[in-house]
Structure formats: C-alpha cells, structure tokens
Amino acid sequence: MTAARIAELNDAARTSFIGCRVVITKGIAAMDDLDGLYAKVRAFNDFTDRNDPYGEHDLGSVEHEGQTVFWKFDYYDADLLMHSPDASDLAVTCRVLTIMLAEEY
C-alpha cells in the first residue's frame, strides 16, 4: 500500500465521481448550487504538506455559498462492513467520498 497509489486513485475518483460512492450531508443537500460545489470539489488541487501530510489526497476544503465545505475519503471493504485491508487495491476497497459542511464534521 503506497501513498502515491492511494492519491492517484483518490484523485481519479474525486475528479470524476467514478470509482467511489459520493455521500452528501443534510447541510450540503440544502445548498442551492450543488453543480457549482461539485465542480469545486472535482477541481480541487491545493494539496500541501500542511493539509495532506500523508500524501494521499484524501481530504480537502473549498468555499461555497459563504460556507466552508469539507470533502473526505473513507475506505471500506467490498461489503461496506469494515475498513478496507488495503486502500490501494481496488479489488478489496470501496471508496466513499463524503461532502459536508465544516460544521457537520
């Protein structure tokens, strides 16, 4: 399991919303411009040592409609019962991308 491989898979899933399940919270569902928000999440590329210390591109934040919005990845096994044994292996991992208001974290 390598951080570079996990980052590659996370970037591919986040920029296309393919290869992951996308979950939004109630606060996000109540926003007016979801398409605009999704575009910001897909375009996010401001990874630094401060906000991405493990180099996995698994968490970020954007501003939208005057709110701070977080997005983050979690990695589950194929049955969604527990954490994945190897987040770099697509055969055993279901990626879940959650988009939430910062206050909902």
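One can find the structure itself at the top, above this paragraph.
Treat the numbers as computed from the prediction; the structure is a model and nothing was measured. (Residues numbered from 1 in each chain as written. Predicted model: local features only at pLDDT ≥ 70, side-chain atom pairs only at ≥ 80, totals over all residues. Heavy atoms only, no water.)

1. Quick look at the overall build of the protein
In step 1: For the protein, the helix and strand inventory stands at three helices and four strands.
In step 2: Secondary structure elements of the protein, listed N to C terminal, follow the sequence α-β-α-α-β-β-β.
In step 3: For the protein, whose C-alpha radius of gyration is 14 Å, the value lies close to the compact-globule estimate of 13 Å for 105 residues.
In step 4: Taken along its principal axes, the extent of the C-alpha atoms in the protein is 40 × 30 × 25 Å.
In step 5: Taking contacts inside the protein between residues at least 6 apart in sequence as the whole, the part at least 24 apart equals 63%.
In step 6: Accessible surface for the protein amounts to roughly 6,100 Å². Of this, 52% is attributable to carbon and sulfur atoms.
In step 7: Once the 9 positive and 19 negative side-chain charges of the protein are each reduced to a mean point, those two points are 2 Å apart. (Helix = DSSP H or I, 4+ residues; strand = E, 2+ residues; numbered from the N terminus. Rg over C-alpha atoms; globule rule 2.2 N^0.38 Å. Contact = heavy atoms within 4.5 Å. Areas by Shrake-Rupley, 256 points an atom, 1.4 Å probe, with all protein chains shown as cover. Lys, Arg positive; Asp, Glu negative; His and termini not counted. Charge placed at Lys NZ, Arg CZ, Asp CG, Glu CD.)

2. Quick word on the environment of Val69
In step 1: Following the sequence through the fold, Val69 ends up in strand E3 (residues 67-76).
In step 2: Taking relative accessible area as the criterion, Val69 reaches 0% and is therefore assigned buried.
In step 3: Taking C-alpha positions, Val69 is 5.7 Å from Met100, a pair spaced 31 residues apart along the chain.
In step 4: Filtering out sequence-adjacent residues up to four positions away, Val69 remains in contact with Ile28, Met31, Leu37, Gly60, Ser61, Val62, His64, Ile99, Met100, Leu101 and Ala102. (Buried < 20%, exposed > 50% of the residue type's maximum accessible area, 1.4 Å probe, protein only.)

3. A short note on the sheet that holds strand E4 (residues 94-101)
In step 1: Here four strands make up an open sheet; going across it, the order is E1-E4-E3-E2 and the pairing mixed. One side of each edge strand has no neighbouring strand; the edge strands of this open sheet are strand E1 (21-24) and strand E2 (59-64). On average, each strand axis in the sheet is inclined to that of its neighbour by 20°, with strand direction left out of account.
In step 2: With six bridges joining them, E2 and E3 adopt antiparallel strand pairing. The partner of Ser61 across the bridge, within E3, is Phe70.
In step 3: Most of the contacts of helix H3 (residues 34-43) go to E2, to which it runs at about 140°, and overall it touches E1, E2, E3 and E4. (Pairing = 2+ DSSP bridges. Axes fitted to C-alpha atoms, helices over the stretch in contact; angles between N-to-C directions.)

4. A short note on a negative patch on the surface
In step 1: On the surface, a cluster of negative charge is contributed by Asp32, Asp33, Asp35 and Glu65.
In step 2: Secondary-structure assignment places Glu65 in the loop between E2 and E3.
In step 3: The exposure class of Glu65 is partly exposed, given its relative accessible area of 40%. (Patch = residues over 30% accessible without salt bridge, like charges linked within 9 Å, V, L, I, M, F, W, Y side chains within 5 Å. Salt bridge = Lys/Arg side-chain N within 4 Å of Asp/Glu carboxyl O.)

5. A word on the side chain of His57
In step 1: Along the chain, the position of His57 falls in the loop between H3 and E2.
In step 2: Overall, His57 belongs to the buried group, its relative accessible area being 16%.
In step 3: In terms of polar contacts, His57 uses its side chain to reach the side chain of Asp11, at 2.8 Å. (Polar contact = N/O pair within 3.5 Å; in protein donor to acceptor, adjacent residues only side chain to side chain.)

Everything listed here is a matter of geometry and, on its own, says nothing about what the molecule does.
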